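# Structure assessment
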Amino acid sequence: MSRNAAVARTGSEQALAVYQQLRARPGTAFDEVADRLELSAEERERCRDELVSLGLTAPPAASPEPAAPSPAGVVVEPDVALLRLLRRERDRLQERLSATSRAHTALEALAGPFLRAGATPRGEIEVEIVDDPQRVRRSLADLTDSVRTAAHFMHTGSVRREELPGELTQDRLWAERGVRIRAMYSRRAASVPEMAQHLEERAALGVEVRFASVVPMNMVLADENFALLPTDPHDLSSAAILARGPGLVRSYLALYEYCWTAAAPYGEEEESEKGGDGLSEQQRAALLMLASGIKDEQIAKNLGVSLRTVSRLLSEVMQELGAASRFEAGVKASRLGLLDGEVP
């Protein structure tokens, strides 16, 4: 092969050429292939690192004969490398889910007898688990008169139609009193015509509205002194946690502030949807979950979209990455560092 032909192969093309040679000639040493392709020292190190990072080569077993030739390592089939990568991502996800479950269990314990046992005589912190929907609605209605400075809402989906007029009335009352109102919605809420109109009316009243691809739970916070959130974020019918007192509510507010910062302001959501490298936040989330071994049905459930939408999202990801298959998209995403983020 001429030097000009070798120079034409740059970056990943050189790594691909080395990999093809190693597969075509089992047992051939990496340096022998690199010499045949006339790669410089820098080029061969880059190729070696890329093949190892993608899992396409593995270190060889220790040789009992020190004088024996030292091949680059075991050549791994592409589908096997992808499965190993997905398995590692799945294991990492499982570890994070286990840690989240332990934290949630600790939160439930704190929100029960421990907080009540440690409450000060003046009752600065009050926590209650409420499974009566009527009681929850009454607590929310009481906020209309009691909120003084700020109210913060987080919605995983659309608000029920019968609640829309009451929400606007509440907004007007709070706006007249100078209360700051913030509302965060899942981006799909804006796709419902009735909700889109409602959000436009809320924004006109001065409500700060933002959208996010993934909203973790329904939540209501007020004045750093009141919090309402579910005991199980994935079950809308689960009991609710009613918490009062800044000692606890400020922690929930910190979570809200983090989600708020990452969300897109109303009217700018389409511009801020692009997360980088041409992929939107929703496409990136679908890609991360796919690479973690999550099935399409669960991806659809996590994103709150249909299976058809998931298929479309992944097709768009493949098109953006120039991949002909999900496997190739996973390999390219790994090479580009797109799988380094947290799985939503």
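In this report, the structure presented in the accompanying data block is examined. Being a predicted model, the structure only gives us computed values, none of them experimental.

## Observations concerning the packing of helix H12 (residues 296-303) against helix H13 (residues 307-321)
Where H12 meets H13, the closest approach of the two axes is 9 Å, and the angle between their N-to-C directions is 100°. With respect to H13, the element H12 is oriented roughly perpendicular. Contacts from Asp296, Glu297, Ile299, Ala300 and Leu303 of H12 reach H13 at Leu307, Val310, Leu313 and Leu314. Of the residues belonging to the contact of H12 with H13, the class tally is seven nonpolar, no polar and two charged.

## Here we look at H13
With 15 residues, H13 ought to run about 21 Å at 1.5 Å a step, and its terminal C-alpha atoms sit 21 Å apart, in line with that. Considered for burial, the residues of H13 that qualify are Thr309, Val310, Leu313, Leu314, Val317, Met318 and Leu321. Positive phi shows up at Gly322, right after H13, with a value of about 70°.

## Details of the pairing of strand S4 (residues 150-155)
Moving residue by residue along a regular strand, the side chains alternate between the two faces of the sheet. Of all the six residues making up S4, six are buried; the element is thus mostly covered by neighbouring parts of the structure. Neither face of S4 is exposed, since Ala150, His152 and Met154 on one face and Ala151, Phe153 and His155 on the opposite face are all buried. Traced from S4 through helix H7 (residues 164-176) to strand S5 (residues 180-186), the parallel crossover comes out right-handed. Sheet topology note: the S4/strand S7 (residues 219-222) ladder contains four bridges and is antiparallel. If you follow Met154 over to S7, its bridge partner there is Met219.

## Brief notes about the sheet that holds S5
Backbone hydrogen bonds hold the strands of a sheet together, and the pairing may be parallel or antiparallel. Taken together, eight strands build an open sheet; the order of strands is S3-S9-S8-S7-S4-S5-S6-S10 and the sheet is mixed. At either margin of the open sheet sits one strand with a lone partner, and together these are strand S3 (126-130) and strand S10 (264-265). Across the sheet, helix H9 (residues 246-262) touches S3, S4, S5, strand S6 (208-212), S7, strand S8 (226-230), strand S9 (240-244) and S10, and the angle it forms with S5 is around 60°.

## Focus on empty space enclosed by the protein
Throughout the structure, instances matching the rule amount to one cavity of 30 Å³ or more. A volume near 60 Å³ is recorded for the largest cavity. What lines the largest cavity is simply Leu54, Leu56, Pro78, Ala81, Leu82, Leu85, Phe327, Val331 and Ser334. When contributions to the lining of the largest cavity are tallied by element, the ones reaching two or more residues are helix H5 (78-117) and helix H14 (326-335). A per-element tally of the lining of the largest cavity places H5 first, with four residues. In the lining of the largest cavity, the residues fall into eight nonpolar, one polar and no charged.

Reading the values: rules and limits
Note on numbering: residues in each chain are counted from 1, in written sequence order. Reporting of local features is limited, given that this is a predicted model, to residues whose pLDDT is at least 70; pairs of side-chain atoms are given and counted only at 80 or more, and all residues count toward the totals for whole chains, interfaces and linings. The side-chain figures draw on all heavy atoms in the structure; neither hydrogens nor water molecules are used. To define axes, lines are fitted to C-alpha atoms, for helices over the stretch in contact only, and angles between the resulting N-to-C directions are given on a 0 to 180 degree scale. Helical segments are the DSSP runs of H or I of at least four residues, strand segments are the runs of E of at least two, and each set is numbered from the N terminus. Roughly parallel here means an angle under 35 degrees, roughly antiparallel means over 145, roughly perpendicular means 65 to 115, and every remaining angle is called oblique. The criterion used for residue contact is that any of the two residues' heavy atoms lie within 4.5 Å. Under this grouping Gly is polar, as are all residues other than the nonpolar Ala, Val, Leu, Ile, Met, Phe, Trp, Tyr, Cys and Pro and the charged Asp, Glu, Lys and Arg. In this scheme, a helix's expected span is set at 1.5 Å multiplied by one less than its residue total. Only protein chains enter the area calculation, which uses a 1.4 Å probe; residues under 20% of their type maximum are buried, those over 50% are exposed, and those in between are partly exposed. Look down the strands so they point away from you; if the path from the first strand over the helix to the second goes clockwise, the crossover is right-handed. If DSSP finds at least two bridges between two strands, the strands pair. Only protein atoms enter the calculation, which uses a 1 Å grid: trapped sets of points that fit a 1.4 Å probe without letting it out are cavities, open sets showing protein on both sides within 12 Å along at least five of seven lines are pockets, and any residue with an atom within 4 Å of a point is a lining residue. Grid points are joined across faces, edges and corners, and a volume is the space filled by probe spheres set on the points.

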